[in-house]
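What follows is each chain in one-letter form.
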Amino acid sequence: MKILSDFNLNVDPDEVKQLLAKASAAVPSDGMKDQLRKIFGLIDLTTLSEQDNTENVSLMCRKVNQLGEEYADMPGVAAICVYPELVGVVRENLENPLVAIASVGGGFPASQTFTNIKVMEIEQAIAQGAEEIDIVLPVGKFLMDDLDYVDYEIQVIKQRMGPILLKVILETGSLGDLSLIRKAALMAIGSGADFIKTSTGKVSPGATPEAMIVMCCAIRDYYNRTGKKIGIKPAGGISNSQTALLYYQIVKEILGDEWLNKERFRIGASGLANRILGDIFDKGPDFGYF
């Protein structure tokens with residue numbers, strides 16, 4: 001792939017440590033509630049359990065619909081993200097037009113099926129009402145250095161999706177090495193990703209600040225060369241306000257304020273929305289609105 005020859009693929013761990021220290025030091029100790037409101041509006045409110053069904057997804061949608069009445073001045077979440085079969089349930093129950101309908105797809109979470117099956121599943125999710133699709137980079141093929149196949153598959157999926165937003169999950173916990181994470185990030189970007197995302201939440205570790213920094217630097221370097229802005233989405237284990245504030249600050253430090261909106265930055269989470277509401281309205285860490 002041309003993009004892999006256009007950029008340095010090596011990552012300096014000391015530089016990552018320095019960037020992390022800078023971002024950590026800049027996390028506010030006061031005035032947090034204003035930033036937490038902004039972060040709440042960046043959440044892809046997610047349920048991806050084998051137990052998901054019409055009832056619990058409908059309830060989630062009703063809670064999103066009622067949020068403005070229950071808690072004035074709170075923005076809506078950025079999106080509701082579910083499995084493909086439940087996209088229609090979200091479409092039928094979600095009333096806020098500013099909240100997007102997102103679906104995982106393409107053999108989530110392992111990405112271990114045929115490309116034509118991935119495309120078919122994604123097309124069915126879109127037909128049911130999905131406005132955004134999160135897929136997993138075929139990690140096995142990437143680790144075997146079958147980069148032509150990885151490039152082909154993402155390109156085919158993006159072409160068939162058209163204007164629908166494509167988020168490509170790198171599964172950074174399976175890659176481990178920071179230079180591999182940078183390589184995967186640039187590859188996904190070059191193949192057509194609108195967003196790159198850290199993790200499925202099904203592999204440990206999920207998101208890490210170090211992986212996030214490497215991915216943000218890849219987006220920054222690509223933007224500096226091409227002028228094209230790619231979005232970033234950490235996900236997997238982001239369950240408290242302090243962690244969310246750190247990821248917000250990482251984006252701010254590396255990519256700047258132009259990325260601090262739902263068009264360029266999302267956080268994939270389930271419990272985080274409750275924690276943020278609890279912290280903003282002083283209801284404690286165990287507050288359970290959703």
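This text goes with the structure placed above it.
First, a word on what this report is: a plain description of the structure on this page. Note that the structure is a prediction, hence the values are computed from the model and not measured.

The next subject is the side chain of T172. Among the secondary structure elements, T172 is positioned in helix α9 (residues 172-175). Residues contacting T172, with those up to four places away along its chain left out, are I181, T198, S199, G206, A211 and M215.

Let's shift gears to the environment of V99. With respect to the helices, strands and loops of the structure, V99 is situated in the loop between α5 (87-93) and β3 (100-104). For V99, a relative accessible area of 4% puts it in the buried group. Linking V99 and V64, residues 35 residues apart in sequence, is a C-alpha distance of 8.7 Å. Aside from chain neighbours lying at most four places away, what touches V99 is V64, V77, A78, A79, I80, L94 and E131.

Turning to the pattern of salt bridges, a few remarks are in order. Two side chains bearing opposite charge may form a pair once their charged atoms approach each other closely. This structure, assessed with the given rule, holds 19 salt bridges. D44 is the salt-bridge partner of K233, the closest N and O atoms lying 2.8 Å from each other. Placement of K233 in strand β7 (residues 231-233) and of D44 in strand β1 (residues 43-46) is noted, with a sequence separation of 189 residues between them. The partner of R182 in a salt bridge is D221, with the nearest N and O atoms 3.0 Å apart. On the criterion of sequence distance, the pair formed by R182 in helix α10 (residues 178-191) and D221 in helix α11 (residues 209-226) is long-range, its members being 39 residues apart.

This paragraph deals with unusual backbone geometry. A cis amide bond links F108 with the next residue in sequence, P109, at an omega value of 5 degrees. Mapping P109 onto the fold places it in the loop between β3 and α6 (115-128). Following S204, the chain continues to P205 via a peptide bond in cis, the omega torsion being -5 degrees. Along the chain, P205 turns up in the loop between β6 (195-197) and α11. For S111, which is not a glycine, the phi torsion comes out positive at approximately 60 degrees. Looking at the secondary structure, you find S111 in the loop between β3 and α6. Residue class for S111 comes out buried when judged on its relative accessible area of 4%.

Let's shift gears to helix α13 (residues 272-280). With 7 of 9 residues buried, α13 is to be regarded as a mostly interior element. Among the residues of α13, those classed as buried are L272, A273, N274, I276, L277, G278 and I280. Where α13 is buried, its residues contact α3 (32-40), β1, α4 (54-70), α12 (241-254) and β8 (267-269). Backbone geometry just downstream of α13 places D282 in the positive-phi region, at approximately 55 degrees.

Pairing is parallel in the open sheet, where 8 strands are placed in the order β7-β6-β5-β4-β3-β2-β1-β8. Here the strands that pair on one side only, and so sit at the sheet edges, are β7 and β8. Neighbour to neighbour, the strand axes of the sheet diverge by 25 degrees on average, direction disregarded. With 3 bridges connecting them, β1 and β8 associate as parallel partners.

Tallied over the full model, the rule gives 9 aromatic pairs. A centroid spacing of 6.5 Å and a plane angle of 40 degrees characterise the contact between F7 and Y222, whose relative ring orientation is tilted. Within this pair, whereas F7 is found in the loop between α1 (2-6) and α2 (13-26), its partner Y222 is found in helix α11, the two being separated by 215 residues in sequence. The exposure classification of F7 matches that of Y222, with both residues buried. Aromatic side chains Y71 and F281 sit 4.8 Å apart centroid to centroid with 40 degrees between the ring planes, which places their arrangement in the tilted category. Of this pair, Y71 sits in the loop between α4 and β2 (79-82) while F281 sits in the segment after α13; the two residues are 210 residues apart in sequence, bridging distant segments of the chain.

Right, let's get into the packing of α11 against α12. The contact between α11 and α12 brings their axes to 10 Å, and the two run at 25 degrees. In terms of axis orientation, α11 runs roughly parallel to α12. Note that α11 runs across α12; the crossing there is right-handed. Facing P209, M212, I213, C216, C217 and R220 of α11, the residues of α12 in contact are L246, Y247, I250, V251 and I254. In the contact of α11 with α12, the residues fall into 10 nonpolar, no polar and 1 charged.

Here we take up the pairing of β2. Going residue by residue along β2, you find A79 and C81 tucked away on one face and I80 and V82 tucked away on the opposite face as well. Note that β1 and β2 share 3 bridges and pair parallel. Across the sheet, L45 pairs through a bridge with I80, a residue of β2. Viewed along the sheet, the connection from β1 through α4 into β2 turns out right-handed. Summarising the sheet, β2 and β3 pair through 4 bridges and their orientation is parallel.

Cut-off values and rules
- Residues numbered from 1 in each chain as written.
- Predicted model: local features only at pLDDT ≥ 70, side-chain atom pairs only at ≥ 80, totals over all residues.
- Heavy atoms only, no water.
- Helix = DSSP H or I, 4+ residues; strand = E, 2+ residues; numbered from the N terminus.
- Contact = heavy atoms within 4.5 Å.
- Buried < 20%, exposed > 50% of the residue type's maximum accessible area, 1.4 Å probe, protein only.
- Salt bridge = Lys/Arg side-chain N within 4 Å of Asp/Glu carboxyl O.
- Pairing = 2+ DSSP bridges.
- Axes fitted to C-alpha atoms, helices over the stretch in contact; angles between N-to-C directions.
- Phe/Tyr/Trp six-rings, centres within 6.5 Å; stacked < 30°, edge-to-face > 60°.
- Parallel < 35°, antiparallel > 145°, perpendicular 65-115°, else oblique.
- Left-handed = near helix turned anticlockwise from the far one by under 90°.
- Nonpolar A, V, L, I, M, F, W, Y, C, P; charged D, E, K, R; others polar.
- Right-handed = clockwise from strand over helix to strand, strands pointing away.

Any functional reading would require information beyond the geometric quantities listed.
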